[in-house]
Amino acid sequence: MGDAVSIYLLVVAVGLGLFAVAIGGLVWLVRTGQLEDLDTPPLRMLHDDCPATPKESQHG
Amino acid sequence: MAEAASDAAVHHEEDHKAVLDTFSYDNRLPMWFAWATIIWGIVGMLVGVIIAVQMTGLGSTWGPKVLNQEWLGFGRLRPLHTNAVIFAFTGNAIFAGVYYALQRLLKARLWCDGLGWFHFWGWQLIIVAAAVTLPLGISTSKEYAELEWPIDIAIAAVWVAFGANMIGTIFKRRERHLYVAIWFFLATFLGIAMLHIVNSLAVPAGILKSYSVFAGQQDALVQWWYGHNAVAFFLTTPILGLMYYYLPKAAGRPVFSYRLSIVHFWSLVFIYIWAGPHHLLHTSLPVWAQAVGTVFSIILWAPSWGGMVNGLLTLRGAFDKVRTDPVLKFYVLSVTFYGMSTFEGPMMSLREVNALTHNTDWTIGHVHAGALGWVGFMCFGMLYWMIPKLYRTKLKSVPMADLHFWMASLGIVLYVISMYAAGAIQAAMWFKFDASGILAYPDWMAILRELVWPYIGRAVGGLLYLTGAVLCLWNLIATAKQGQPVEDETVQAPPLAREKPVHQVVGEAAAVKGNVFDRMTAFHSLVERWPFALIITASISLVIGGAFEIIPNLVQGSLTPRIETVKPYTPLELHGRDLYIREGCNSCHTQMVRTLRADTARFGDAHMGGVPAYTRAGEDIYDRPFLWGSKRTGPDLDREGLIKNNLPGWHYRHMLDPQLTSAGSIMPGYPHLYDYASDLSDLQARMSTLAGAPMYTPYSEAEITNAEALAAEQAAEVAGRLRKALSGNAEVTVPDDLEDKEIVAMIAYLERLGTDLTRED
């Protein structure tokens, strides 16, 4: 049975490793301002891309 | 400098401040995934209809027995059905949806075309491998993780390709903000990667056979930690990602509340992972772990409904469009089903409710409300929207899509109501005691007979849903034919404002003077530049939740009370057990007598010499994998050895043709077990795998080297008893070489079940 335990310890070790890296992740999320503008992204995603057709560039 | 200038000149002859990048989206990959979605969807649903028809008794109680064949047995086809609809239908839909939306949300072509095609063909090959191996009985028996280890490795490789392509695209994005749908997609990648790897941990015992490194109760916990979170990260988060992209797109209006969608995301990621034990209520899992599962399941209700409201209110003021646009119709019903299922789930996690619904067909109704309603409708809506776009045309037939919508809706309703009826009947009869405290319906067949009409209703509902999907295929093909595929869609977008190069940031940070803390914070800006970090953030929550669920069991594992009389299976029984796994008997039979009187009274109390019959954790320590099952179409078998051992020859007649012992049974016959000789050539290898690291099943050296002889010895004993019991029985014939046949190993295993606790030696 003690051997099954070592499997769990492995899982925990992997988990704790990820945990450490993750702290950096949280910092990144807030500090890069991903959460600063929550008003325009839902609107911007609605716009279709400007197609790069010759016609389009004439207008431009 | 000169180069950059001439670049700009190419794109913009006239003077422009913003220089636009010209690039193209890869439409071919989502296109192919979309076609794979509908084709595999039809295959998976067809298999579902076939097994639903089997459950009505066709092939066993009525009609020709064509379905009673080795490769068409319910136990082998059910995993094929579940794997096909989850990983082939839903999986391909997710990939189509993600690859289409991701490029547009990030304003970038997919990172690597080659990787995309590796993903596409790899995934289709895995599906084909599943479609071949599962009917052949090559299965681990762990629900939704039945595929054997070589395929598991392939899945991991292809999954990593998917994640790498997604993350690579994020790195080269032209849009700084990662829209919330992308978070859902990333969580999907991470969650499934982790779940798949942990739950698939097994030691190969041959090219197509492996044993789970976890045993019994621990395996059950890992499996349902996986099973529940596969629902979370394969059937919920990616579909929510699709919802947050395709619903606003089709409605032409922004999501009702972007803030709510972010709250929705984080609360799901934090809460879902803890809810797994709600699949194991009233079992030998420690009660506190069960309580954790219940509590978190109930909490899940709140964010789920937040998401549902968010989806439905996105249509505020656009409901007139729902009347005319089939795409929106599908979405509205999908989100409604999401609300329904995420209410029902928490309710079913309440101990009292769960006691009644667990193992019944109610659960099957619940999962189909989610799969056909929430997932299926979202996928169909997306296909109806995406295919016309990819072929730059309009949907060929709106009335046909409407017809599909109504057929599918009617199909779901029929399906779900039938299953609720069946579940209610089962619960009412399983739990009914008469006035003197004795089971009112001790005869399983009496209960089974009440289920015929619900099962017919289910088959009709499924058939309607399948027919709708066929209409969808026709409509999509006609749409594609009238349009022109846009394989590479050339577009323009401004490049992402460049950040300071890394070396400059490092230099600046290194130049900072002050105490250690100041210097360390200076390096923060390095961390900030790390687009990877979001993924890792999601990992924390996944890992913390996952670890917390598993660590306590780690301790428990070593503390699982040892029961002196519990011994490993004999070589022959082990072989029988592997046959049980091959045939997928666990798709109709549980091996878990719960700590409920209705369970113990029905499944063994009378044979236990005064102690209650519920399954003890210590009884399962050699069970790799565990075989607790999740549905009782047939009775629980955990104490079968005690229940049927006084009826010599019963199993022999029953397994050959259940009608001989149990007229009207919908269990298929297993005549092939009577034809095939047991293949014991790899028995030694199997036993030494179990005896080796990290499992250390206490088989002695002598037992392993003599495995075949020991098996033959026990087989002769079992066969001798069978011969004696069946001599003069006109219904069945007993072959001369009975001791070599697989049926003998199977019966040896069935006779062993549940006997350890009370055995004398």
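Remember, predicted model here, so these are calculated numbers, not experimental data.

A. Spotlight on the pattern of salt bridges. Residues and elements named next belong to chain B. Counted under the stated rule, the structure contains 30 salt bridges over all chains. Put simply, Arg104 and Glu489 hold a salt bridge, and the shortest N to O gap is 2.8 Å. Residue Arg104 is located in helix α3 (residues 74–106), and its partner Glu489 is located in strand β4 (residues 488–493); the two are separated by 385 residues in the primary sequence. Given a relative accessible area of 8%, Arg104 falls into the buried group. One salt bridge in this structure joins Lys209 and Asp578, with 3.2 Å as the shortest N-O distance. Of the two residues, Lys209 sits in the loop between β2 (202–204) and β3 (210–212) while Asp578 sits in helix α22 (residues 571–583), which places them 369 residues apart along the sequence. Given a relative accessible area of 14%, Lys209 falls into the buried group.

B. Structural context of the sheet that holds strand β1 (residues 50–51) of chain A. Spatial strand order, β1(A)-β4(B)-β1(B): three strands in an open sheet with antiparallel pairing. The open sheet has two free edges, formed respectively by β1 of chain A together with β1 (21–26) of chain B, since each of these has just one partner strand. Examined bridge by bridge, β1(B) and β4(B) share six bridges and lie antiparallel to one another. The residue of β4(B) that forms the bridge with B:Asp26 is B:Asp488.

C. Molecular detail of the packing of helix α29 (residues 707–726) of chain B against helix α30 (residues 742–752) of chain B. Residues and elements named next belong to chain B. Running from amino to carboxyl end, α29 crosses α30 at an angle of 90°, the nearest separation of the two axes being 10 Å. Regarding the angle of α29 to α30, the classification is roughly perpendicular. For the pair α29 and α30, contact is made by Gln714, Ala715, Val718, Ala719, Arg721 and Leu722 and by Val744, Ile747, Ala748 and Glu751, respectively.

D. Expanded view of the packing of helix α4 (residues 113–133) of chain B against helix α5 (residues 149–171) of chain B. Residues and elements named next belong to chain B. Interaxial distance between α4 and α5 falls to 9 Å at its minimum, and their mutual angle equals 155°. Here α4 lies roughly antiparallel to α5, going by the angle between them. Relative to α5, α4 is oriented so that their crossing is left-handed. The residues of α5 that touch α4, namely those facing Leu115, Gly116, Phe118, His119, Gly122, Trp123, Ile126, Ala129 and Thr133, are Ile151, Ala154, Ile155, Ala157, Val158, Trp159, Ala161, Phe162, Ala164 and Asn165.

The rules behind each value
Residues numbered from 1 in each chain as written. Chains lettered and ligands numbered in written order. Predicted model: local features only at pLDDT ≥ 70, side-chain atom pairs only at ≥ 80, totals over all residues. Heavy atoms only, no water. Salt bridge = Lys/Arg side-chain N within 4 Å of Asp/Glu carboxyl O. Helix = DSSP H or I, 4+ residues; strand = E, 2+ residues; numbered from the N terminus. Buried < 20%, exposed > 50% of the residue type's maximum accessible area, 1.4 Å probe, protein only. Pairing = 2+ DSSP bridges. Axes fitted to C-alpha atoms, helices over the stretch in contact; angles between N-to-C directions. Parallel < 35°, antiparallel > 145°, perpendicular 65-115°, else oblique. Contact = heavy atoms within 4.5 Å. Left-handed = near helix turned anticlockwise from the far one by under 90°.

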